[in-house]
Structure formats: structure tokens, C-alpha cells
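Fold and contact review
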Amino acid sequence: MRPLHLLLSFALLLAGCASQPAVVAAAPATHGAAHAPHARPKMQSGFVQVEGTRFTIDGNPYRFAGANFWYGAYLGAPDGIGDRARLRAELDQLKAAGIDNLRVLAMSEASGFRRAVRPAIMTAPGTYDERLLQGLDTLLVEMGKRDMKAVLYLNNFWQWSGGMSRYVAWATGEPLSDPDASGDWDGFMQNSARFYALPKAQAIYRDAIRTIVGRTNGISGVAYADDPTVMSWQLANEPRPGSAKDGHLNLAAYDTWIDETAGFIHGLAPKQLVSTGSEGAMGSLGDLDLFLQAHKTPNVDYLTFHLWPSNWSWIDHKDPAARLESGLKASLDYIDKHIDAAGKLGKPIVLSEFGLNRDGGSYDAASGTTARDRFYRAIYARLLQRMQAGDAIAGSNFWAWGGRGRTTNADFMWKAGDPFTGDPPQEAQGLFSLFDSDASTLGIVSGHARAIHALGP
Ligand code: IFL
């Protein structure tokens, strides 16, 4: 997607510059046709770049087996919120398994939602909790030491971190619409989607973006925008145009928001990539064309999609073995369609979330994972096969790393002060977490990491 980068690489090759130092001449940015031209970034060693339908780092392919680790910045916060010893130990464990890419929540908003994480990074519009920003500093430093890459999302369509509907309430002065209290998910989604077109909500959001993307790490002294540990800034977790029923009303505002926000982030961080955080067709009113339409802009460097067969009723939550084969078939088909579509658009794509329940729908870390293991194996096999074929799939992040987090609550629901697991507070702790004791699943992830790292250029 960045032809000028390719031209530059080609020119260097012709000039016999294969042994150029890692920091080489500036490459013009190609984003932001509709925005002020960006400063010309230096190509520095270690930044993930897009070349055609793949990622590279310093000219070498970058393919990854990653994890979702939404609470990484929380673990990095000082005592009272975080657990830095746990963070370091688990990063070591992940790295040893070959997992070198983590998708992390980088902004949360204080909301009063029943099932949102507490404390929040943004305590009120324009005010941030320095302890959690230090948590993000710590996480990035620790990941950098281990040569891992971070994908940082800057908002959430859902309520579990505050998210878009919190911005809507701030902007309008209206009461919060809490779906865990009302059960009205369609209404919640339509209300969240008002965020895209509310100038006041956008002003608060852009302040949050400036605060995070424009931050200088207090430990390393390195500006976040100059840190090759950050692979990509993601606009939000699972942004949708709205509900399946009425979301089409917000499509124009949604597409404009994606284009303009991505351009804004590129202006702040020209060396790093920008992605949307979309689920793909299932988060685009079930329509692959709408997904592609939203991702056409040159301000979006690559595509993302998510795969949730039990959330989408292709497989049973309480008995994942029962319809596993038909659910797998639908899942593999969903994967293929998205990889093909990304190839047509000429951008890489990442499966940024996928997960399945434990056997019998249990949340208990001691319960079995037979169906889940079969699911992980099948998904990874298809991703590997498509990578081997040179297709547009570039990596994946399973959902989600639960590490040593365990709940002792009888209802398995999270309460402020509890240890964090891979399941955010709106869901049972253990629903989709891959715990540090899940040796068979971890072995499958690790085997996939080895296989894709062994692929040649
Ligand atoms: O916890 C959910 C999260 O909000 C997400 N996607 C699906 C997860 C599991 O239901 O981003």
C-alpha cells in the first residue's frame, strides 16, 4: 500500500545498499490525502511496515502469533492496581512460547457502568490517571526488552472500559445507557454509534489520542511515536456502525470517522501503523462490502477481523463439542473470505481476536479444553496454509491471555480489585481465557508460532 516505500527499497537495492545502516533516508508517507501532509519519517530499525499485503521489519517479513492482553497496562501500574512481578513473569512465559505480539487496551473512561473495569485511565474528559499511564510505560518497556510488538486500542465500542457510549453521555449530558442494566443491546449499539458524529465527543477522544500517542515514556524517555515496540494504533475495539437493524443510518459518519481519525493518528505517529479494530463483516452489518468500503482509505494501513463462533451462535457456548464441525466450517469460510477480500484491497489482514469456550462451557481453569484445542488447531492450520500460499494474512491474536489470573467469586464475575484475566469485567472470568495452566492450548499456539517463524521470505 505504500508504493513509494517500495520504490525506495528498490532504489536502495539497485544502488547495492543491502548493507545500509538501519537508519536510512526518509520515505515519504502516503497517508492522509485529505489531510495536511505529514512530516517525512526516517525508516528506523524495528518499525513494522506494510509492503503490499505483508508486514516487514527492516525489510524482513514479520508474521506473528499473538495474544490479546487487554489489561497489560493495568498490570504495569504501581501496586494497588498492578502487579509488575506478574507482568514480567507472564511476558517471559509468552515470549518463551513464541508469542511476540500483544493487543492491549490503551484508554478507558470512568463511567459508572456496572461491568466496566475500574479504575479508568480517563477519570473525566481531559483528565488521566497517571498511575495507569505509568502502567503503559512499564508494559512497553518490558515488551521492548523482549522484542515484542504492541497493538494499542484507543477506545471501545463496548461498555467494559467505558467506551464510546461514555463519550456520548459526556458530550450530550444525557444519562448513560447501560446495557447490563437494561438488556437493550440494539439501543446501546445505536447510542454508541452517535459518538462518530458528535463534535464534542470527538474533541474529548482526540485529546485522549493526543495524550497517549503523544506521550513520552517516563521510564525510557522515548516518545511513544518513536518507539518501534508500538506496531499499530487501533481506533477502537470492535467499532461498529451501530446495530444490525439501524446501523446503516450511521454508515457515512462511521466511514468518515475512520478516515479522519486514522489520518489524525498518522499525523502524530508517522512511523507507526494505524488499524481500525474492526471485527470484519460481522461488525459491519454482516456485509463484507461495507467492511471493505470503510477500510479503503489510505489512512488505514491494514485490515483486522475477529472470529467468535459461539457468540455468533455457530457453536454452543455451553457445549462447544456439539456443533463443533459445522461451526468450524463456517469459521474457516469466514477466514477465507476475509483473507481474499484483503488481497483484493491490496492490504495485509490480521485475525485480531478468536476464541472458544472450555469444555461444557465451564469457566474453571481446571476444566478441559478439548473442543477449544481442536478449534485453535484448525484455525492456525488454515492461517498457516494461507501464509504459505503468500496470501494477505499476516498474523493473529488469540483471545485472550489469562495468565495466572483466577477468580474466587462464586459467580465468576469480576469485582474491582480482583486479579485480571483475559475476560474483561462484562464476562465470566474464565469464559475465553487461556490460563498459564492450559498446557495443551499453549503448546498449540507455540507450535503455530514456530511454524510461521520458520516460513521464509
Ligand atoms: O470480551 C469480548 C470483547 O469485548 C471483544 N470481543 C469478544 C470478546 C469475547 O466475547 O472485543
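Residues numbered from 1 in each chain as written. Predicted model: local features only at pLDDT ≥ 70, side-chain atom pairs only at ≥ 80, totals over all residues. Heavy atoms only, no water.

**Considering helix α13 (residues 439-453)**
Each α-helix turn comprises 3.6 residues. Residues three or four places apart therefore point the same way. Taking 1.5 Å as the rise per residue, α13 with 15 residues should run 21 Å; its terminal C-alpha atoms sit 21 Å apart, in good agreement. Packing partners of the buried residues in α13 comprise β6 (64-68), α3 (84-96), α12 (370-388), β15 (393-398), β16 (401-403) and β17 (434-435). (Helix = DSSP H or I, 4+ residues; strand = E, 2+ residues; numbered from the N terminus. Expected span 1.5 Å × (residues − 1). Contact = heavy atoms within 4.5 Å.)

**Quick word on the sheet that holds strand β3 (residues 48-51)**
With antiparallel pairing, 3 strands are arranged side by side in an open sheet as β3-β4-β5. Pairing within the sheet leaves two strands with one partner each, and these edge strands are β3 and β5 (60-61). Sheet topology places β3 next to strand β4 (residues 54-57); 4 bridges connect them, and they run antiparallel. Residue pairing across strands places Gln49 opposite Thr56, the latter belonging to β4. (Pairing = 2+ DSSP bridges.)

**Quick notes on the sheet that holds strand β14 (residues 349-354)**
With parallel pairing, the 8 strands of this open sheet are ordered in space as β12-β11-β10-β7-β6-β15-β14-β13. One side of each edge strand has no neighbouring strand; the edge strands of this open sheet are β12 (273-275) and β13 (303-307). Averaged over all adjacent pairs, the angle separating strand axes in this sheet is 25°, with direction ignored. Two strands pair when backbone bridges link them, and strand β7 (residues 101-105) and strand β10 (residues 149-153) are joined in this way by 5 bridges, in the parallel orientation. Bridging from a neighbouring strand, Arg103 pairs with Val151 of β10. (Axes fitted to C-alpha atoms, helices over the stretch in contact; angles between N-to-C directions.)

**Concerning the site of the ligand**
As a matter of local geometry, the ligand sits amid Trp158, Trp160, Asn237, Glu238, Trp308, Asn311, Glu353, Trp399, Pro424, Gln426, Glu427 and Phe432. The side chain of Trp160 places a nitrogen or oxygen atom 2.8 Å from an oxygen atom of the ligand. Considering the ligand on its own, with 290 Å² of exposed area, one finds that the protein chains cover 95% of that surface. Per-class residue counts for the shell around the ligand are 6 nonpolar, 3 polar and 3 charged. (Near = heavy atom within 4 Å. Polar contact = N/O pair within 3.5 Å; in protein donor to acceptor, adjacent residues only side chain to side chain. Areas by Shrake-Rupley, 256 points an atom, 1.4 Å probe, with all protein chains shown as cover. Nonpolar A, V, L, I, M, F, W, Y, C, P; charged D, E, K, R; others polar.)

**Here's the deal with the packing of helix α9 (residues 251-268) against helix α10 (residues 288-295)**
When two helices pack together, you describe them by how their axes are tilted relative to each other and by the distance separating the axes. Running from N to C, α9 and α10 point in directions that differ by 40°, and their axes come no closer than 8 Å. With respect to each other, α9 and α10 are oriented oblique. For the pair α9 and α10, contact is made by Leu251, Tyr254, Asp255 and Ile258 and by Leu290, Gln293 and Ala294, respectively. (Parallel < 35°, antiparallel > 145°, perpendicular 65-115°, else oblique.)

**Some thoughts on the environment of Gln429**
Relative to the elements of secondary structure, Gln429 occurs in the loop between β16 and β17. For Gln429, a relative accessible area of 3% corresponds to the buried category. When the C-alpha atoms of Gln429 and Phe412 are compared, they prove to be 5.3 Å apart, with 17 residues separating the residues in sequence. Not counting chain neighbours up to four residues away, the residues in contact with Gln429 comprise Tyr363, Thr407, Phe412, Met413, Trp414, Pro419, Thr421, Asp423 and Pro424. From its side chain, Gln429 meets the backbone oxygen of Pro424 in a polar contact 3.2 Å long. (Buried < 20%, exposed > 50% of the residue type's maximum accessible area, 1.4 Å probe, protein only.)

**Things to note about the nonpolar core**
One recurring pattern in soluble globular proteins: nonpolar side chains tend to sit buried together. Within the largest apolar cluster, 119 residues are counted, with the highest numbers of intra-cluster contacts made by Phe69, Leu102, Tyr167, Trp233, Trp257, Ile379 and Phe398. Take this core: its biggest share by element is 9 residues, from α12. Those residues within four positions of Tyr167 in sequence are excluded, and the remaining contacts are Met107, Glu109, Met122, Asn155, Phe195, Ala201, Ile204, Tyr205 and Ala208. (Core = buried A, V, L, I, M, F, W, Y, C linked by side-chain atoms within 4.5 Å.)

**A closer look at the side chain of Thr304**
Position of Thr304 among the secondary structure elements: in strand β13. Taking relative accessible area as the criterion, Thr304 reaches 0% and is therefore assigned buried. Polar side-chain contacts of Thr304 include one of 2.9 Å to the backbone oxygen of Ser278. Beyond its immediate sequence surroundings of up to four residues, Thr304 is in contact with Gln234, Ser275, Thr276, Gly277, Ser278, Glu279, Gly280, Phe291, Ile349, Val350 and Ser352.

**Side note on the packing of aromatic side chains**
By the definition in use, this model includes 39 aromatic pairs. A ring pair is formed by Phe69 and Tyr71, whose centres lie 4.8 Å apart and whose planes are at 65°; its orientation type is edge-to-face. When sorted by exposure, Phe69 lands in the same class as Tyr71, which is buried. One aromatic cluster in this structure is built from Phe69, Trp70, Tyr71, Tyr74, Trp160, Trp308, Trp399, Trp414, Phe420 and Phe432. (Phe/Tyr/Trp six-rings, centres within 6.5 Å; stacked < 30°, edge-to-face > 60°.)

**Digging into the pattern of salt bridges**
Pairing between side chains becomes possible if they bear opposite charge and their charged atoms approach one another. Tallied over the entire structure, the rule returns 24 salt bridges. Across the pair Arg194 and Glu174 runs a salt bridge whose closest N-O atoms are separated by 2.9 Å. Here Glu174 lies in the loop between α5 (164-172) and α6 (179-182) and Arg194 lies in the loop between α7 (185-193) and α8 (199-213), a separation of 20 residues in the sequence. As a salt-bridge pair, Arg374 and Glu325 come within 2.8 Å of each other at their nearest N and O atoms. A residue pair is termed long-range when its members are at least 10 positions apart, and Arg374 in helix α12 and Glu325 in helix α11 (residues 324-345) qualify at 49 residues. Note on Arg374: relative accessible area 34%, which makes it partly exposed. Members of the salt-bridge network, linked through shared partners, are Arg88, Asp92, Glu142, Lys145 and Arg146. (Salt bridge = Lys/Arg side-chain N within 4 Å of Asp/Glu carboxyl O.)

**Description of the pairing of β6**
With 5 of 5 residues buried, β6 is to be regarded as a mostly interior element. Bridging between β6 and β15 involves 4 bridges; their strand directions are parallel. The residue of β15 that forms the bridge with Ala65 is Ser396. In terms of strand pairing, β6 meets β7 through 2 bridges, oriented parallel. What sits directly across from Asn68, in β7, is Arg103.

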